[in-house]
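# Reading the structure
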Amino acid sequence: MGVSGTGKTTVGQALSQALGAKFIDGDDLHPRANIIKMAASQPLEDSDRQPWLERIGDVIFSLGQKNESGVLVCSALKKRYRDQLRAGNPHLRFLWLTGDYDCILQRMQARKGHFMPEALLKSQFAALEAPDDREPDILPVDISGDVPGIVARSLTLLAHQPTLGVPA
Ligand SMILES: Nc1ncnc2c1ncn2[C@@H]1O[C@H](COP(=O)(O)OP(=O)(O)O)[C@@H](O)[C@H]1O
Ligand SMILES: O=C(O)[C@H](O)[C@@H](O)[C@H](O)[C@H](O)COP(=O)(O)O
């Protein structure tokens, strides 16, 4: 999880390879109307996100039913969104990619060919409900430094969450 531009897709793909797990990009689960809206620099509303979160929760449930490991990346900005994803998915854990606005903005500016405009980064931070100790299943990972280092830190954190299929 994390605001747009934090590296969810980049880190998630590398992490899924390191874990031998399936990779799913939550961007691909949006109704097309959501993508069109964001591409037009309009922030999504809670109602826009509902069908998307439902699909994400169902994909996670399907993986669990097949006893399959997966890395699914999505912003999951608000606690109630995360609670919706948790429902019926006891093995779900979150890695929260976290960093400062300027660092993320620079990365978004350098990113090519993605529908999400940097103009929406402020609204992403405005919508973000930063996890706190009410959500102990969320592991914060700072995004400064290179991708291999972030993946290594993520693996170390996940190793303490054996339910993710990472050997303890
Ligand atoms: N640790 C990193 N250091 C430098 N650039 C990064 C890092 N992680 C991601 N990026 C770059 O930042 C941009 C946003 O990454 P991306 O994976 O698309 O983020 P998200 O999926 O969270 O929107 C991409 O251009 C990506 O190549
Ligand atoms: O909750 C939201 O406002 C949207 O879900 C938004 O977060 C979008 O899905 C991605 O964040 C954009 O794509 P990237 O995160 O890949 O930039």
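Residues numbered from 1 in each chain as written. Chains lettered and ligands numbered in written order. Predicted model: local features only at pLDDT ≥ 70, side-chain atom pairs only at ≥ 80, totals over all residues. Heavy atoms only, no water.

The test is simple: UniProt positions are given in the numbering used here, feature names are shortened, and annotations may be inferred rather than shown by experiment.
Under an unreviewed UniProt entry, the name given to the protein is Gluconokinase, and the organism recorded is Kluyvera georgiana ATCC 51603. Taken from UniProt, the Catalytic activity (unreviewed entry) comment for the protein reads in full: "D-gluconate + ATP = 6-phospho-D-gluconate + ADP + H(+)". UniProt lists a comment for the protein under the heading Pathway (unreviewed entry), and it reads "Carbohydrate acid metabolism."

## Here we look at the packing of helix H1 (residues 8-19) against helix H7 (residues 147-159)
What counts is decided by this rule: Geometry is summarised by axes, namely lines fitted to C-alpha atoms with helices restricted to the contacting stretch, and by angles between N-to-C directions that run from 0 to 180 degrees. Secondary structure elements are taken from DSSP: a helix is a run of H or I of four residues or more, a strand is a run of E of two residues or more, and numbering for both begins at the N terminus. Roughly parallel refers to an angle under 35 degrees, roughly antiparallel to one over 145, roughly perpendicular to one between 65 and 115, and oblique to any angle outside these ranges. Left-handed describes a crossing whose near helix is turned anticlockwise from the far helix through less than a right angle; right-handed describes the clockwise counterpart. Contacts are residue-level and defined by heavy atoms, with any inter-residue pair within 4.5 Å sufficient. For this classification, Asp, Glu, Lys and Arg are treated as charged, while Ala, Val, Leu, Ile, Met, Phe, Trp, Tyr, Cys and Pro are nonpolar and the rest, including Gly, are polar.
Contact geometry for H1 and H7: axes closest at 10 Å, N-to-C directions at 55°. Of the possible angle classes, the one that applies to H1 and H7 is oblique. The chirality of how H1 crosses H7 is right-handed. Where H1 abuts H7, its residues Thr10, Val11, Ala14, Leu15, Ala18 and Leu19 lie against Val147, Ile150, Val151, Ser154, Leu155 and Leu158. In the contact of H1 with H7, the residues fall into ten nonpolar, two polar and no charged.

## Topic: the site of ligand 1
Put simply, the rule reads: Being near a molecule or strand, for a residue, comes down to having at least one heavy atom within 4 Å of it. Here a polar contact is recorded for every N or O atom pair within 3.5 Å, except that within protein the pair must consist of a potential hydrogen donor and a potential acceptor, and residues adjacent in sequence are included only if both atoms are side-chain atoms. Per-residue and other accessible areas follow the Shrake-Rupley method at a 1.4 Å probe size, with only the shown protein chains counted as cover for residues.
As a structural note, the neighbourhood of ligand 1 is formed by 15 residues, with Gly5, Lys8, Thr9, Thr10 and Arg111 the closest of them. Arginine 107 places a side-chain nitrogen or oxygen 3.3 Å from a nitrogen atom of ligand 1. At 3.0 Å from a nitrogen atom of ligand 1 is found a main-chain nitrogen or oxygen belonging to glycine 145. Protein contacts shield 77% of the accessible area of ligand 1, which totals 560 Å² for the unbound molecule. For the shell around ligand 1, the elements supplying multiple residues, two or more each, are H1 and H7. With three residues, H1 is the largest single contributor of residues to the shell around ligand 1. Considered class by class, the residues forming the shell around ligand 1 number four nonpolar, seven polar and four charged.

## Brief notes about the site of ligand 2
Lining the immediate surroundings of ligand 2 are 16 residues, of which Ser4, Lys8, His30, Arg49 and Gln124 lie closest. At 2.9 Å from an oxygen atom of ligand 2 is found a side-chain nitrogen or oxygen belonging to serine 75. A distance of 2.8 Å is found between an oxygen atom of ligand 2 and a side-chain nitrogen or oxygen belonging to glutamine 124. Protein coverage of the free-state accessible area of ligand 2, which is 390 Å², stands at 98%.

## Side note on the confidence of the model for the protein
Our working rule: Confidence of the prediction at every residue is given by pLDDT, a number between 0 and 100.
Within the protein, residue pLDDT values average 95, and 96% of them lie at 70 or more. Considering only residues more than four positions removed or in separate chains, one finds that residues 164-168, a stretch of pLDDT under 50, has ten contacts.

## Digging into helix H3 (residues 46-65)
For clarity, the threshold we go by: Helices are assigned an expected span. That span is 1.5 Å times one less than the residue count. The bend at a residue is defined as the angle formed between two axes, one fitted to the seven residues ending at that residue and one fitted to the seven starting there. Note on classification: 1.4 Å probe, protein chains only; a residue is buried when its accessible area is under 20% of the maximum for its type, exposed when over 50%, partly exposed between these limits.
A rise of 1.5 Å per residue sets the reference length of H3, with its 20 residues, at 28 Å; its end C-alpha atoms lie 28 Å apart and thus fit the reference within 8%. Within H3, the axis deviates most sharply at tryptophan 52, by approximately 25°. What H3 keeps buried is the set Asp48, Arg49, Trp52, Leu53, Ile56, Gly57, Ile60 and Leu63. In the core, the buried residues of H3 are packed alongside strand S1 (22-25), helix H2 (32-39), strand S2 (70-73), helix H4 (79-86) and helix H6 (121-127). Once H3 finishes, asparagine 67 follows within two positions and takes phi at roughly 55°, a positive value.

## Points about H4
What counts here: Each direction from the helix axis to a C-beta atom contributes to the arc, which is the arc of those directions.
Turning to H4, its buried residues number three or more, namely Lys79, Tyr81, Arg82, Leu85 and Arg86. Buried residues of H4 fall within an arc of 160° about the axis and therefore sit on the same side. Two residues or fewer after H4 comes glycine 88, characterised by a positive phi angle close to 80°.

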